[in-house]
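Residue strings, one per chain:
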Amino acid sequence: MKPFMQTQLERYAVRLAELDFLLAREDILKDMQQFMALSREHADVAVIASRWQRYQSAQAELRQAQEMVAETLLPSQSVTADLEMLSMAQAEVSSLEAESDQLDAELQRLLLPKDPQDARNAYLEIRAGTGGDESALFAADLLRMYLRHAEKVGWKCEIMSESESELGGYKEVVVRIEGDKVYGALRFESGGHRVQRVPTTESQGRIHTSACTVAVMPEPDPHQSIEINAQDLRIDTYRASGAGGQHINKTDSAVRITHLPTGIVAECQDDRSQHRNKAKAMQVLLARIQEKDRLERSLKEAATRKGLIGSGDRSDRIRTYNFPQGRLSDHRINLTLYKLSQIMEGDLKEVLTALQHARESELMQDLEIGGLVV
């Protein structure tokens, strides 16, 4: 294990003792908010401290087993006994080396800085880009891909707003996804998605290229979300369009909210209740404003060090879906998979895992050079 990691791990052992002391104080016990925050930190720190303690024990046991192997190799009167002892000691060395390697890798992952947003639910926004009707149809395909993946992993999805195209695709669609660590799993999906295929509207069989943009935004924490002045909002109501029956088409139930200082807009018309549509639109608006702030910070950081995964800016072309070749290519990590049909059916695990591993490698490099403080 590298020295910088040992230094970091020793700090966790010290911090665990501090937290044990703090959680036993009466004033902390009376402050429920502070107690809960310290309890969550204690749970995280205890996991790392216990793994570090076991790693140290495994290393001590490994040294003893190696000494036993060395002693057994010395000349002795009982050759049979020495061979049996040597075999046992060598097996113990192999077992402890494997355990140490596993604990080392696990501790490296545990030391990586964690984004508190990763555990949150997320809003997935897909917008048709260049390519006209084919782009809108591709947006529908992307939506289906993500919905199928969500179904496979047990996430719940709710369409917050949608704007359908004439051929059945989407000009824009926003989905709220609820589940375990949704944002952390999908955060690197943000950016430009390009498709190469023969459109259904193409009579001569020519391959066309079109694109969509995807944005994945963490659901704002209601206790920490951005405060918005009501005077900075313009709220418009209008008659909903599209499917929904006579009632939804005869009342001004659709809501559009504009944040005047930034020009960010969110709308919803999927519910018959204007009140519920307004609440949904406000949730999406808050997420978009928060994402704008996050993206601006990310771009400033990228000015000094461009990350492998990128900023998540929609102008970044992150992936190509080539249907004639059955190929998916993620340009950020040079990943190419020839299983496009399975991926479009929601089999995203290999893609998402590869992106997570690439990000972990980046963070480990930053830790090693002291670029991040744990």
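What counts and what doesn't
- Residues numbered from 1 in each chain as written.
- Predicted model: local features only at pLDDT ≥ 70, side-chain atom pairs only at ≥ 80, totals over all residues.
- Heavy atoms only, no water.
- Helix = DSSP H or I, 4+ residues; strand = E, 2+ residues; numbered from the N terminus.
- Contact = heavy atoms within 4.5 Å.
- Areas by Shrake-Rupley, 256 points an atom, 1.4 Å probe, with all protein chains shown as cover.
- Expected span 1.5 Å × (residues − 1).
- Buried < 20%, exposed > 50% of the residue type's maximum accessible area, 1.4 Å probe, protein only.
- Pairing = 2+ DSSP bridges.
- Axes fitted to C-alpha atoms, helices over the stretch in contact; angles between N-to-C directions.
- Core = buried A, V, L, I, M, F, W, Y, C linked by side-chain atoms within 4.5 Å.
- Salt bridge = Lys/Arg side-chain N within 4 Å of Asp/Glu carboxyl O.
- Arc of directions from axis to C-beta.

1. So, the overall build of the protein
Okay, so step 1: Assigned secondary structure in the protein consists of ten helices and eleven strands.
Okay, so step 2: The long-range fraction of contacts in the protein, counting pairs at least 24 apart against all pairs at least 6 apart in sequence, stands at 61%.
Okay, so step 3: As displayed, the protein has an accessible area near 20900 Å², and 50% of this comes from carbon and sulfur atoms.

2. Here we look at helix 5 (residues 133–153)
Okay, so step 1: Compared with the 30 Å implied by 1.5 Å per residue over 21 residues, the 31 Å span of helix 5 between its first and last C-alpha is a close match.
Okay, so step 2: Among the residues trailing helix 5, glycine 154 stands out with phi positive, at a value near 85°.

3. Topic: the environment of alanine 91
Okay, so step 1: Counting through the fold element by element, alanine 91 comes out in helix 4 (residues 79–111).
Okay, so step 2: Judged by relative accessible area, which is 46%, alanine 91 ranks as partly exposed.
Okay, so step 3: Between the alpha carbons of alanine 91 and alanine 65 there is a distance of 9.2 Å; along the sequence they are 26 residues apart.

4. As for the sheet that holds strand 11 (residues 335–337)
Okay, so step 1: An order of 2-3-1-5-4-9-10-11 is seen for the eight strands of this open sheet, with the pairing classed as mixed. Unpaired on one side and paired on the other, strand 2 (156–164) and strand 11 mark the two borders of the sheet. On average, each strand axis in the sheet is inclined to that of its neighbour by 15°, with strand direction left out of account.
Okay, so step 2: Here helix 5 sits on the sheet in contact with strand 1 (122–128), strand 2, strand 3 (170–178), strand 4 (191–197), strand 5 (208–218) and strand 9 (317–322), set at roughly 110° to strand 4.

5. Points about the environment of isoleucine 228
Okay, so step 1: Structurally, isoleucine 228 is set in the loop between strand 5 and strand 6 (233–238).
Okay, so step 2: With a relative accessible area of 24%, isoleucine 228 lands in the partly exposed category.
Okay, so step 3: Separated by 61 residues in sequence, isoleucine 228 and isoleucine 289 place their C-alpha atoms 9.9 Å apart.

6. Topic: the nonpolar core
Okay, so step 1: By size, the foremost hydrophobic cluster in this structure holds 37 residues, and its most contacted members are Ile126, Leu142, Met145, Tyr146 and Tyr321.
Okay, so step 2: Elements represented by at least two residues in this core include exactly strand 1, helix 5, strand 3, helix 6 (182–186), strand 5, strand 11, helix 9 (340–344) and helix 10 (349–368).
Okay, so step 3: Looking at which element gives the most residues to this core, the answer is helix 5, with eight residues.
Okay, so step 4: Leave out the neighbours within four places in its chain, and methionine 145 touches Tyr321, Ile343, Met344, Gly346 and Leu348.

7. Quick look at the pattern of salt bridges
Okay, so step 1: Under the counting rule described, the total for this entry stands at 28 salt bridges.
Okay, so step 2: One salt bridge connects glutamate 125 with arginine 288, and the closest N-O pair in it is separated by 2.7 Å. One end of the pair, glutamate 125, is in strand 1; the other, arginine 288, is in helix 8 (residues 274–304), with 163 residues separating them in the sequence. For the residue pair glutamate 125 and arginine 288, the accessibility class agrees, reading buried in each case.
Okay, so step 3: One salt bridge connects arginine 127 with glutamate 172, and the closest N-O pair in it is separated by 3.0 Å. In this pair, arginine 127 is assigned in strand 1 and glutamate 172 in strand 3, connecting sequence segments 45 residues apart.
Okay, so step 4: In this structure glutamate 172 comes out as buried when scored by relative accessible area, which is 19%.

8. Remarks on the pairing of strand 7 (residues 254–259)
Okay, so step 1: Along strand 7, five of the six residues are buried, which leaves the element largely enclosed by surrounding structure.
Okay, so step 2: Here six bridges tie strand 6 to strand 7, and the two strands are oriented antiparallel to one another. Residue pairing for strand 7: aspartate 236 is matched across the bridge by arginine 256.
Okay, so step 3: Sheet topology places strand 7 next to strand 8 (residues 264–268); five bridges connect them, and they run antiparallel.

9. Overview of the sheet that holds strand 8
Okay, so step 1: The three strands are arranged 6-7-8 in an open sheet whose pairing can be described as antiparallel. For this open sheet the edge positions go to strand 6 and strand 8, each flanked by a neighbour on one side alone. The sheet shows a mean angle of 15° between the axes of neighbouring strands, taken without regard to direction.

10. What about the side chain of histidine 259?
Okay, so step 1: For histidine 259, the position within the fold is in strand 7.
Okay, so step 2: With relative accessibility at 9%, the residue histidine 259 sits in the buried group.

11. A closer look at helix 1 (residues 3–23)
Okay, so step 1: Taking 1.5 Å as the rise per residue, helix 1 with 21 residues should run 30 Å; its terminal C-alpha atoms sit 31 Å apart, in good agreement.
Okay, so step 2: Residues Phe4, Met5, Gln8, Leu9, Tyr12, Leu16, Leu19, Leu22 and Leu23 constitute the buried set of helix 1. Axial view of helix 1: buried residues confined to an arc of 130°, hence all on one face. Residues of helix 1 that are exposed and point more than 90 degrees away from the buried face comprise Pro3, Val14 and Phe21.

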